[in-house]
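Understanding the architecture of this molecule
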Amino acid sequence: MIGARTLRREDARLVRGAGQYVGDIRVRGCLDAAFVRSPVAHGELRGVDLSRVRAVPGVVAAFAHADLPYLPPTPPMLDPGSIEGRPWPPLATGRVRFYGEPVAVVVAGDRYLAEDGCDAAVVRVDPLPVLLDPTEAAAGGVELFPGLSNVAAEREFGAPAGDDVWRDAAIVVEARYRQQRLAHTSIEPRAILVRPEADDGLTVWVSHQAPHRLRRDLAAAFGLEPDRVRVIVPDVGGAFGGKSETWPEYLAIVAAARRLHRPVRWLEDRREALGGPPHGRGQHQRVRLAADADGRILAYELHIDADVGGYPHTGAFVPLATSMMATGAYRIPSVHVRTRAVVTNAAPTAPYRGAGRPEAAFAIERTVELLARRLGLDAAEVRRRNFIRDFPYETLTGFTYDSGDYAAALEVALRELGIEHWRAEQARRRAAGAWPIGIGLCTYVERSGVGEEFGAVEARPDGTFVALSGCCSTGQGHETSFPQVVADVLGVDPALVRLVEKDTAVVPSGVGSFASRSMQTGGAALHRAATKLVATARQRAAEVLHVPVAGVAYRAGAFVADGRSVPLAELAPLRAEDTFDPPEAFPFGAYAAVVEVDPELGAVRVLDLVAVDDYGVVVNPLIVEGQALGSIVQGLGQALYEGVRHDADGRPLTLSLLDYLLPTASELPPVRLAETRTPNPNTPLGAKGAGEAGCIGVPPAVLNAVADALGLDDPQDPRMPVAR
Amino acid sequence: MKPAPFEYVAARSAAEVLDALAGGGTRVLAGGQSLVLEMNARAARPARLVDINRVPGFDRLEVVGEELRIGPLVRHRAFESGRVGGPLGSLLHRVARHIAHPPIRARGTMLGSLAYAHPAAEWPAVAVALDARMELASAEGNRIVPAADFCTGPFTTVRAAGELLLAVHLPLLPPATAVGFVEHRRTQASFATLAALAAVTVVGGRVTAARIGLVNAADRPVRAAAAERALTGGPFDDAAIAGAAATLEHPAGVLVRRALGQARDGD
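Within every chain, residues take consecutive numbers counted from 1 along the sequence as written. Starting at A for chains and at 1 for ligands, labels are handed out in the order in which the entities are written. Restriction of local features to residues with pLDDT of at least 70 applies here, the model being predicted, together with a cutoff of 80 or more for giving and counting side-chain atom pairs; totals for whole chains, interfaces and linings are based on all residues.

1. A look at the overall build of chain B
We count a stretch as a helix when DSSP gives it H or I for four or more residues in a row; a strand needs E for two or more, and each element gets its number in order from the N terminus. Of regular secondary structure, chain B possesses eleven helices and 14 strands. Note that the radius of gyration is over C-alpha atoms, with the globule rule given as 2.2 Å times the number of residues to the power 0.38. Taken against the 2.2 N^0.38 rule, which gives 18 Å for 267 residues, the C-alpha radius of gyration of chain B at 19 Å falls within 12% of a compact globule. Dimensions of chain B, computed from the C-alpha atoms along their principal axes, are close to 60 × 40 × 30 Å. Residues with at least 20 neighbouring C-beta atoms inside 10 Å of their own are called buried, those with 12 or fewer are called exposed, and the rest are partly exposed, where every C-beta is derived from the backbone. Counting the 267 residues in chain B, one finds 47% classified as buried. Contacts are defined on C-beta atoms placed from the backbone: any two residues whose C-beta positions lie within 7 Å are in contact. In chain B, the proportion of contacts linking residues at least 24 apart, taken out of those at least 6 apart, comes to 61%.

The following block contains the structure:
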């Protein structure tokens, strides 16, 4: 059961178009909302005239900030002290700080009519200078929040190396990197349907990753007891970090529904989704690295200016995650990270698949490769000389890596790639004057888990089991993999176990699905709950059989003692639950890419890609491989195709998928997956996080390969058609 | 992304189409692969759409004399499927495979693309390079416009609001014509960054006619006239190809060199 390549149960409905997404939920009398959005990226909001909007046939109501006096401010997700003095009103008042910021909400009989209403709005804005570059914004001059610095949070990790280290080192390499903004681009954009209930409560259907947090936030925002708010997450078409938040639009929809005493829904469209928020990444990095002549790293310095957009509520903590993962797989005696989360006139950022770790891996992995090139050493060998080899390992930035074998993962990657073959091909092409190829590596460490999770298992008299989880599948296949865990503990057919999650009225508590945490924390919680269930039932069985507990054996759904047997079902109903808070885990792996570059047009084609990931114990390899491939494709997107672009006035230029280029099936290179397996020592299940690795491993591997092909220090050179 | 209100007319005949167009504020709906996107973004707000998908005969694709006549409902896909033979068919086939992706090619039309005049669209450059004749119809009658005069800038043509692009007449290429088409773009389905097409007629070892078109190289489709002149009259060899490419700036020269190489090598 654990380790079985079970087909996903949920696919029976999802691939046949029978899934139920928020847009499929039918609620009597439900109205559609659309937002009037700021036409400029920065300005003083002088007036919002909705009188003509309200006259549009089919429009039921239109609200600006002034029309909703009980509209609460947007709560932060994780706040590193950045929001004080920087409130984020769900509908703008005073100032607008990014293009597309909601200014008013229009509620109508359908979305067509709501957009007709939006057309009739008159928004008067006196434009202000627009800041898009975080380093320039940090320098001040124009303040997004008058009287406050544009640097919303600033942190240091580690300590600066002495001048002597930099002076005496055999080599010092310096570089600058850009992590362009990316759009989350889930197939299903954000979506919410709010039905006000007669008892003043709310039922909320929402495409989300953390329903219990949303319940808590909405209850607090509207002064309700949490049990008056029921959050239901139906099928979700992808999230990638963009659906963990309590977005301004959600608050405006709740406020409108309560005001109208009518159900109201908002289904974000692709144009809104690409415009953001959320966007991910968006970092300027400066690095300096000192090493000895053998390539042993002596000191590493990383300066981050993170562009967190117009409000720091959802994105300011992400660069801190980058900071804490700065040194990756390497034992570096001196580390200093200085990070600034800077507000700009772009859409607010949020975690995006990888959430800070891709940015960290990009910086260190590009720099290690640069070091190898400067020293004329093999890039794999430089990595070997610097790998952390003893675990647990405390980093100088404050994490404790639980376990790992980075060298083993790298060796598997080199072997699977056939590094000797590709080096020979590279030499052959150079000699023949053929198009160049390059080979690039990345060895990464990531962080997964974060916090506790709830799990419960119920035995029913009919012999079936119900597993309740506080996690929240947004496409990861929990309905299949969680029953595998429970069935494995119980020794029963997984088909007898049904998963229930994503409804706050049924699952008493929960955290959700992000940070690759579901199996590591939620799966482990279910493992513990199932183990508890057996222990409780064993007590009962001992009573029934009139034998000591120690004399009762459990096998495959039944208790046995003295040749007599009691099925677990006969002891039902029984329930056991657990809230498990394991330490964070640090999955790792090694990626290797081969690219070919058209030297005249600069076009890059990936010829080969090997991904070696170590997720600890894998419950369902089929699901994990699917997630690995998905995140690899998104990693290719970051490396070669995707990037949010703005004009000088801060208007997004990438508001359609004709302009924001996603990799498609046609762009996929041959991908080979391999694994090493280092169990998580801190959970009974042994699983670490899975699902984000490709986004972390692919961009540096591909960019390193481009640099190798062309002998370039900086493959993000503007003349190269890599994404930027 | 919902369109503003509009009136919808499903025309059953050319006359009904022209009637609707004569009323003003009307756009023609053929494949809808560009127009509907614009309408959904409310960048286009036509008062009325006249849908030509039910007009009998509009999907006709036929050789008339020395020309291929293409009607307004001939989809991109028709040129992928090998219905048109000879060097012209071969060129149209190569070009069609570069247009967006199969679902779009199944709906979108060649004439729609020509009338829309997107600077990165492939067909306008084909029409210009091959000296196509564009047949415009209106309630006042029909007129023929040479392709070179048809497109006047990004998204603009000489077509008047009351006119329908009724047909395009592409001259058949002589049998001894080799064709090539090379496109550069970021992903398989994205717009052309730049593309070049070549149709080179070689008789008795000498180039008797060279047609080279460029996509997205200017504010409208253009011919690489200097490259055509450089190639004409001599042998179709490496030196001639290099010489033709050298008349163009980078990277247009690269694409023209590759398109000519593809034509010569027949791959």
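We are not done yet, so read on.
2. A few points about the overall build of chain A
Of the regular secondary structure elements, chain A holds 18 helices and 28 strands. Scaling as 2.2 N^0.38, a compact globule of 724 residues should have a C-alpha radius of gyration of about 27 Å, and chain A matches this with 27 Å. Overall, chain A is about 80 × 75 × 45 Å in size when its C-alpha atoms are taken along their principal axes. Put simply, chain A has 724 residues, and 55% of those count as buried. Residue pairs at least 24 apart in sequence account for 81% of intrachain contacts in chain A once pairs closer than 6 positions are excluded.

3. Comments concerning the confidence of the model for chain B
Each residue carries a pLDDT score, the predictor's confidence in it, ranging from 0 to 100. The share of residues in chain B with pLDDT of 70 or more is 100%, and the mean pLDDT across the chain is 96. Both confidence scores are given for the complex: pTM 0.95, ipTM 0.93.

4. Re the nonpolar core
Core analysis: the largest hydrophobic core is formed by 221 residues, its most contacted members being A:Ala104, A:Val106, A:Val486 and A:Val702. When residues in this core are grouped by element, the largest group, eleven residues, is from helix 18 (residues 693–710) of chain A. If we skip the residues at most four places from it in the chain, A:Val486 touches A:Val457, A:Phe465, A:Ala467, A:Val497, A:Leu526 and A:Ala530. Buried Ala, Val, Leu, Ile, Met, Phe, Trp, Tyr and Cys residues form a nonpolar core when they are connected through C-beta atoms within 7 Å. If you look at the next biggest cluster of nonpolar residues, it comprises 89 residues, including B:Leu29, B:Ala30, B:Val168 and B:Ala230.

5. Side note on helix 11 (residues 379–386) of chain A
Residues and elements named next belong to chain A. For helix 11, the set of buried residues is Ala379, Ala380, Val382, Arg383 and Asn386. Down the axis, helix 11 shows its buried residues gathered within 160° of arc, on one side only. Turning to helix 11, the residues buried within the fold contact strand 14 (297–309), helix 10 (357–375), helix 12 (406–417) and strand 18 (437–445). Note that the arc is computed from the directions linking the helix axis to the C-beta atoms.

6. Details of the pairing of strand 7 (residues 141–146) of chain B
Residues and elements named next belong to chain B. Counting buried residues in strand 7 gives zero out of six residues, a small share hidden from the surface. By definition, two strands form a pair when at least two bridges between them are found by DSSP. Pairing of strand 6 (residues 133–138) with strand 7 involves six bridges; the strand directions are antiparallel. Residue pairing in the sheet places Glu135 in a bridge with Ile144 of strand 7. Linking strand 6 to strand 7, which pair antiparallel, is a turn of two residues.

7. Some remarks on the sheet that holds strand 1 (residues 7–10) of chain B
Residue and element names in this part refer to chain B. Strands sit in the order 1-3-2 across an open sheet of three strands; the sheet is parallel. Each of the sheet's edge strands pairs with one partner strand only, and the pair in question is strand 1 and strand 2 (26–29). Across the sheet, the mean angle separating the axes of adjacent strands is 25° when strand polarity is ignored. Pairing geometry for strand 2 and strand 3 (residues 48–51), over four bridges, is parallel. In the strand pairing of strand 3, Leu29 is matched with Asp51. Fitting a line to C-alpha atoms yields each axis, with helices limited to the stretch in contact; the angle taken between N-to-C directions then spans 0 to 180 degrees. The sheet strands contacting helix 1 (residues 14–22) are strand 1, strand 2 and strand 3, and the helix crosses strand 3 at an angle near 170°.

8. So, the packing of helix 14 (residues 478–490) of chain A against helix 15 (residues 518–545) of chain A
Residues and elements named next belong to chain A. For the pair helix 14 and helix 15, the least separation of the axes is 9 Å and the interaxial angle reads 35°. The chirality of how helix 14 crosses helix 15 is right-handed. For the pair formed by helix 14 and helix 15, the contact residues are His478, Ser481, Phe482, Val485, Val486, Val489 and Leu490 on the first element and Ser518, Met519, Gly523, Leu526, His527, Ala530, Thr531 and Val534 on the second. Left-handed is the label given to a crossing in which the near helix is rotated counterclockwise from the far helix by less than a right angle, and right-handed is the label when the rotation is clockwise.

9. Re the sheet that holds strand 10 (residues 202–206) of chain A
All names here are of chain A. Taking strand neighbours across the sheet as the criterion, the seven strands line up as 3-5-1-12-9-10-11 in an open arrangement whose pairing is mixed. Strands at the two margins of the open sheet, each flanked by one partner only, are strand 3 (59–64) and strand 11 (229–232). Each strand axis lies, on average, 20° off the axis of its neighbour in the sheet, ignoring direction. In this structure, strand 9 (residues 191–196) lies alongside strand 12 (residues 264–267), joined through four bridges in antiparallel fashion. Within strand 12, the residue paired with Ala191 across the bridge is Leu267.

10. Points about the domain arrangement of chain B
Residue and element names in this part refer to chain B. An automatic or database domain assignment is the source of the domain bounds shown. Entries for chain B in the domain assignment read domain 1 (7–51), domain 2 (61–171) and domain 3 (177–265). Here the C-alpha centre of domain 3 lies 20 Å away from the C-alpha centre of domain 2. Of all the elements in the fold, those that place two or more residues in the side of domain 2 that touches domain 3 are helix 4 (86–96), helix 7 (122–129) and strand 8 (151–153). If you tally residues by element for the side of domain 2 that touches domain 3, the top one is helix 7, at six residues. Here the nonpolar group is Ala, Val, Leu, Ile, Met, Phe, Trp, Tyr, Cys and Pro; Asp, Glu, Lys and Arg are the charged ones; every other residue, Gly included, is treated as polar. Residues of the side of domain 2 that touches domain 3, tallied by class, amount to 14 nonpolar, five polar and two charged.

11. Some points on the interface of chain A and chain B
Taken together, the 19 residues of chain A in the interface contact 14 residues of chain B. Within the residue set of the side of chain A that touches chain B, elements represented by two or more residues are helix 3 (111–119) and helix 8 (270–275) of chain A. With five residues, the top contributor of residues to the side of chain A that touches chain B is helix 3 of chain A. Here the side of chain A that touches chain B is built from residues that sort into eight nonpolar, two polar and nine charged.

12. Some remarks on unusual backbone geometry
Between A:Gly276 and A:Pro277 the backbone carries a cis peptide bond, its omega angle lying at 0°. The omega torsion of the bond from B:His250 to B:Pro251 falls at 0°, within 30 degrees of zero and hence cis. Phi at B:Arg42 is positive, roughly 55°, even though this residue is not glycine. Of note, B:Arg42 is situated in the loop between helix 2 (35–40) and strand 3. Here B:Arg42 falls in the partly exposed class, since 16 other C-beta atoms lie within 10 Å of it. Not every positive phi belongs to a glycine, and B:Phe155 is a case in point at roughly 65°. In this structure B:Phe155 comes out as partly exposed when scored by C-beta crowding, with 15 C-beta atoms within 10 Å.

13. Considering the environment of A:Thr322
All names here are of chain A. Along the chain, Thr322 turns up in helix 9 (residues 318–324). Residue classification places Thr322 among the buried positions, given that 28 C-beta atoms sit within 10 Å. In the structure, Thr322 is positioned 122 residues away from Asp200 in sequence and 42 Å away in space, judged by C-alpha atoms. Those residues in contact with Thr322, other than ones at most four positions away along the chain, are Gln283, Ile304, Gly356, Glu359 and Ala360.

14. Description of the packing of helix 17 (residues 621–641) of chain A against helix 18 of chain A
Residues and elements named next belong to chain A. Between helix 17 and helix 18, whose axes approach to 7 Å, the crossing angle comes to 40°. Between helix 17 and helix 18, the interaxial angle falls into the category oblique. Crossing geometry of helix 17 relative to helix 18 is assigned as right-handed. Contact residues: helix 17 offers Ala628, Ser631, Ile632, Gln634, Gly635, Leu636, Gln638, Ala639 and Leu640, while helix 18 offers Ala693, Gly694, Cys695, Gly697, Val698, Pro699, Val702 and Leu703. Taken together, the residues of the contact of helix 17 with helix 18 break down into eleven nonpolar, six polar and no charged. Angle categories: roughly parallel below 35 degrees, roughly antiparallel above 145, roughly perpendicular from 65 to 115, and oblique for all the rest.

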